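The chain contents come next:
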Amino acid sequence: MSDNQSWNSSGSEVEDLETESGQPVGVAEFGGVLSKWTNYIHGWQDRWVVLKNNTLSYYKSQDEREFGCRGSLCLSKAVITAHEFDECRLDISVNDSVWYLRAQDPDHRHYWIDSIELHRAESGYGSESSLRRHGSMMSLTSATSGYSATSTSSFKKGHSLREKLSEMETFRDILCRQVDTLQKYFDGCADVVSKDEFHRDKVVEDDEEDFPNTRTDGELVHNNNGSKERLFQSLSPKGINGIDFKGEAITFKATTAGILATLSHCIDLMVKREESWQKRLDKEMEKRRRIEDSYKSALNDLKKKSHFGGPDYEEGPNSLINEDEFFDAVEAALDRQDKIEEQSQTEKTRAQRSSPVPPGDVYSTVGSHRYADKVEEMVQNHMTYALQDLGGDANWQLVVEEGEMKVYRREVEENGIVLDPLKATHSVKGVTGHELCHYFWDTEYRNDWETTIENFSVLEKLSDNAAIVYQTHKRVWPASQRDVLYLSAMRKILATNENDPDTWLVCNFSVDHDNAQPSSRCVRAKINIAMICQTLVSPPEGDKELSRDNLLCKITYVANVNPGGWAPASVLRAVAKREYPKFLKRFTSYVQEKTAGKPILF
């Protein structure tokens, strides 16, 4: 992905359109190619991603924009997270919807994150400039004079407290009226004093000039004491002499004393009830904490379920899924596969296939191909160690015992990877070792009995009894898909004395091949497997001919598998314990059905 492909300039870079005041009025379109996680089958896919109008949209490609977007996210409430381990990845989530995106390198990821944040901020979301402060509509006058609107409905703390608060309202109304009355009295007194001083000065001037003067109030003033007394009496404001100042002061004092007493009583009541209120508060806070914890737990479970198919929950070094969840998911997937196989198994067994069986001496030769020496070495090692008795060896654990079948395991780990050698023994009636090895080795019958393979191909046939095979196994989510590249060889083991049973062997071991290089799609597993089959024949009674009732085949199956990847050790061991016995029973039953009624193949 080139730079000019990643950063398209209809939006190649975010451009701000500004007014004369320097304030942005719009943000240009921005687009480019990002890898988007689709699902666990298709993984990461390149998509054309467009940032426009505070919305992030994606298209299958730039050329398909005219067909409409595949999905979009509104960025107003989106959370953008740079991945902790993957330097190229960013996650964008809105509620329970998450987009997993990957840029081509860390610089491009940083550029995308900055562009999204800048775009969102300048679109009016998530920035301080979008916040508005609302001034208070209350003035000092309303705060100091609006007494009559006070309500006590919120103080439901007890009958006595409500009564005292009601008394407080009554005292407040009385006090307000008294304050108004006293204020009027004081204003009237101030006016009287001011007018009295003014008229005194005028009377003194008139007395000195000794002639009558007409006053503004319309009364004639004479230069004698009587006229002056009339003047001062006429200047007294109407109603001032009707106020009992001393009585009002006493009432004012009593009202304030009542208020103080009632306040003291309220304080006493609140102090007495403080402990009860505190207990109720603690109880409510604990109840709220439990509800919040339950909500968070439910929300996390919901997010986990909605994102369970995401890349963070599949097998990997930084997987968020724990061992128990990993095992439950694997077991559920295997159960589903078993049900599907049960439905299709009948059709498989009905299909009549036959392939020519080469003569026995073909399997007795070593061959002359390039891996001939390696095959001979593997055969000798398996014949030496696989048939050894495990009795008394404390390193081998018997993990499964069902009738004639026993499965042993020896726990081995290397760098955290499970490399447990496994050995199984089984006895099957009515078939020979040659027949069992034939159906196990011949790829014509592989899909009839093998249920874990998705597809396989023979890359190279080395000889009549050896071939290189590449096969991919069905993925069991959340485990990664595995593939195997191996050489498969079938051999007849020559007897060293006449009492040795007829012995056949198939060995499969990993090799390299130019036509099947490892890929990021699958984890390459390494194997070293052998199936050794020994035929025991019991003589027929009397003159009866030899039949399949006289046959018994002892099977020894050994497997050393390195699964690779990061699957938990406990999960791998549990799956091996479950699947190996099922494989042996399924395969041996298949061979018994295929050979029933047919001539015996020694």
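Please read these numbers as outputs of a predicted model, since none were measured by experiment. (Residues numbered from 1 in each chain as written. Predicted model: local features only at pLDDT ≥ 70, side-chain atom pairs only at ≥ 80, totals over all residues. Heavy atoms only, no water.)

Our next topic: the pattern of salt bridges. Tallied over the entire structure, the rule returns 23 salt bridges. Across the pair Arg89 and Asp91 runs a salt bridge, and its minimum N-O distance is 2.9 Å. We classify Arg89 as buried; its relative accessible area is 4%. Residue Asp91 is classed as buried on the basis of its relative accessible area of 13%. Beyond isolated ion pairs, a larger network of salt bridges with shared partners links Glu331, Asp335, Arg578, Glu579 and Lys582. (Salt bridge = Lys/Arg side-chain N within 4 Å of Asp/Glu carboxyl O. Buried < 20%, exposed > 50% of the residue type's maximum accessible area, 1.4 Å probe, protein only.)

Okay, the nonpolar core next. Note on soluble globular proteins: their nonpolar side chains tend to be buried together. If you look at the biggest cluster of nonpolar residues, it comprises 38 residues, and the most contacted ones within it are Leu436, Phe440, Met531, Tyr557, Phe583 and Phe587. Looking at which element gives the most residues to this core, the answer is helix H11 (residues 569-595), with 7 residues. Among residues more than four places away in sequence, those in contact with Leu436 are Val431, Cys533, Cys553, Ile555, Phe587, Thr588 and Val591. By size, the runner-up hydrophobic cluster in this structure holds 22 residues, among which are Tyr371, Leu462, Leu485 and Ala530. (Core = buried A, V, L, I, M, F, W, Y, C linked by side-chain atoms within 4.5 Å. Helix = DSSP H or I, 4+ residues; strand = E, 2+ residues; numbered from the N terminus. Contact = heavy atoms within 4.5 Å.)

The next subject is the sheet that holds strand E5 (residues 55-59). Pairing within the open sheet is antiparallel, and its 7 strands lie in the order E6-E5-E4-E3-E9-E8-E7. Looking along the sheet, the strands with just one partner apiece sit at the ends: strand E6 (71-74) and strand E7 (79-82). If you compare each strand with its neighbour and ignore which way they point, the axes differ by 35° on average. Inspection of the sheet shows strand E3 (residues 30-37) paired to strand E4 (residues 44-52) by 8 bridges, in the antiparallel sense. Of the residues in E4, the one forming a bridge with Lys36 is Gln45. (Pairing = 2+ DSSP bridges. Axes fitted to C-alpha atoms, helices over the stretch in contact; angles between N-to-C directions.)

Scanning the model with the defined rule gives 3 cavities of 30 Å³ or more in all. Looking at the largest cavity, its volume works out to about 1200 Å³. In terms of lining residues, the largest cavity is bounded by 46 residues, among which Thr452, His473, Val561, Val575 and Tyr580 are the most central. Those elements giving two or more residues to the lining of the largest cavity turn out to be helix H7 (323-350), helix H10 (446-449), strand E18 (466-473), strand E19 (482-493), strand E21 (523-537), strand E22 (551-562) and H11. At 9 residues, H11 tops the list of elements feeding residues into the lining of the largest cavity. Empty space within the second largest cavity amounts to approximately 70 Å³. Lining the second largest cavity we find Leu334, Gln337, Asp338, Glu341, Thr451, Thr452, Glu579, Lys582 and Arg586. Taken together, the residues of the lining of the second largest cavity break down into 1 nonpolar, 3 polar and 5 charged. (1 Å grid on protein atoms, 1.4 Å probe; cavity = no way out; pocket = protein on both sides within 12 Å on 5 of 7 lines; lining within 4 Å. Points joined across faces, edges and corners; volume = space filled by probe spheres on them. Nonpolar A, V, L, I, M, F, W, Y, C, P; charged D, E, K, R; others polar.)

With respect to the secondary-structure elements, Ile417 resides in strand E15 (residues 417-418). Apart from the residues lying within four places of it in its own chain, the contact partners of Ile417 are Val412, Asn562, Pro563, Gly564 and Gly565.

Together, Ile267, Met270 and Val271 line one region of the surface with nonpolar side chains, adding up to about 260 Å² of accessible area. Since its relative accessible area comes to 51%, Val271 is described here as exposed. (Patch = residues over 30% accessible without salt bridge, like charges linked within 9 Å, V, L, I, M, F, W, Y side chains within 5 Å. Areas by Shrake-Rupley, 256 points an atom, 1.4 Å probe, with all protein chains shown as cover.)

Glancing now at the pairing of E7. With 4 bridges connecting them, E7 and strand E8 (residues 89-94) associate as antiparallel partners. What sits directly across from Thr81, in E8, is Asp91. Where E7 folds back on E8, the antiparallel hairpin that results is connected by 6 residues.

Along helix H9 (residues 433-441), 9 of the 9 residues are buried, which leaves the element largely enclosed by surrounding structure. If you check which residues of H9 are buried, you get Gly433, His434, Glu435, Leu436, Cys437, His438, Tyr439, Phe440 and Trp441.

Below, the discussion takes up the packing of aromatic side chains. One pass over the full model with this rule turns up 14 aromatic pairs. For the ring pair Tyr439 and Tyr590, a centre distance of 5.9 Å and an interplane angle of 90° mean the geometry is edge-to-face. Linking Tyr439 in helix H9 with Tyr590 in helix H11, this pair joins segments that are 151 residues apart in sequence. Comparing Tyr439 with Tyr590, the two get one shared label, buried. Arranged with centres 6.4 Å apart and planes meeting at 55°, the rings of Phe440 and Phe583 form a pair that is tilted. Residue Phe440 is located in helix H9, and its partner Phe583 is located in helix H11; the two are separated by 143 residues in the primary sequence. By relative accessible area, which is 6% here, Phe440 ends up buried. According to the relative accessible area criterion, Phe583 is buried, its value standing at 9%. Cluster of aromatic residues (ring-pair linked, three or more members): Phe440, Trp449, Tyr557, Tyr580, Phe583 and Phe587. The ring of Phe456 carries the charged tip of Arg446 above its face, separated from the ring centre by 5.8 Å. (Phe/Tyr/Trp six-rings, centres within 6.5 Å; stacked < 30°, edge-to-face > 60°. Lys NZ or Arg CZ within 6 Å of the ring centre and 35° of its normal.)

Time to look at the environment of Asn300. With respect to the element layout, Asn300 can be found in helix H6 (residues 245-306). Take Asn300: its relative accessible area is 47%, and that puts it in the partly exposed class. Separated by 204 residues in sequence, Asn300 and Asp96 place their C-alpha atoms 9.7 Å apart.

Note that E4 and E5 share 5 bridges and pair antiparallel. Within the sheet, the bridge partner assigned to Trp48 lies in E5 and is Tyr59. The hairpin turn running from E4 into E5, its antiparallel successor, is 2 residues long, and Asn53 in that turn takes a positive phi close to 55°.

Before going further, it helps to spend a moment on the confidence of the model for the protein. When pLDDT is averaged along the protein, the result is 77; 74% of the residues meet or exceed 70. Within the protein, the lowest mean pLDDT, 31, falls on helix H3 (residues 140-145), and the highest, 95, falls on strand E20 (residues 502-510). In the predicted structure, residues 1-26 sits below a pLDDT of 50 and forms 50 contacts with residues beyond four places in sequence or in another chain. Throughout residues 125-159 the model reports pLDDT below 50, and contacts reaching past four residues in sequence, or to other chains, amount to 21 contacts. (pLDDT = per-residue confidence, 0-100.)

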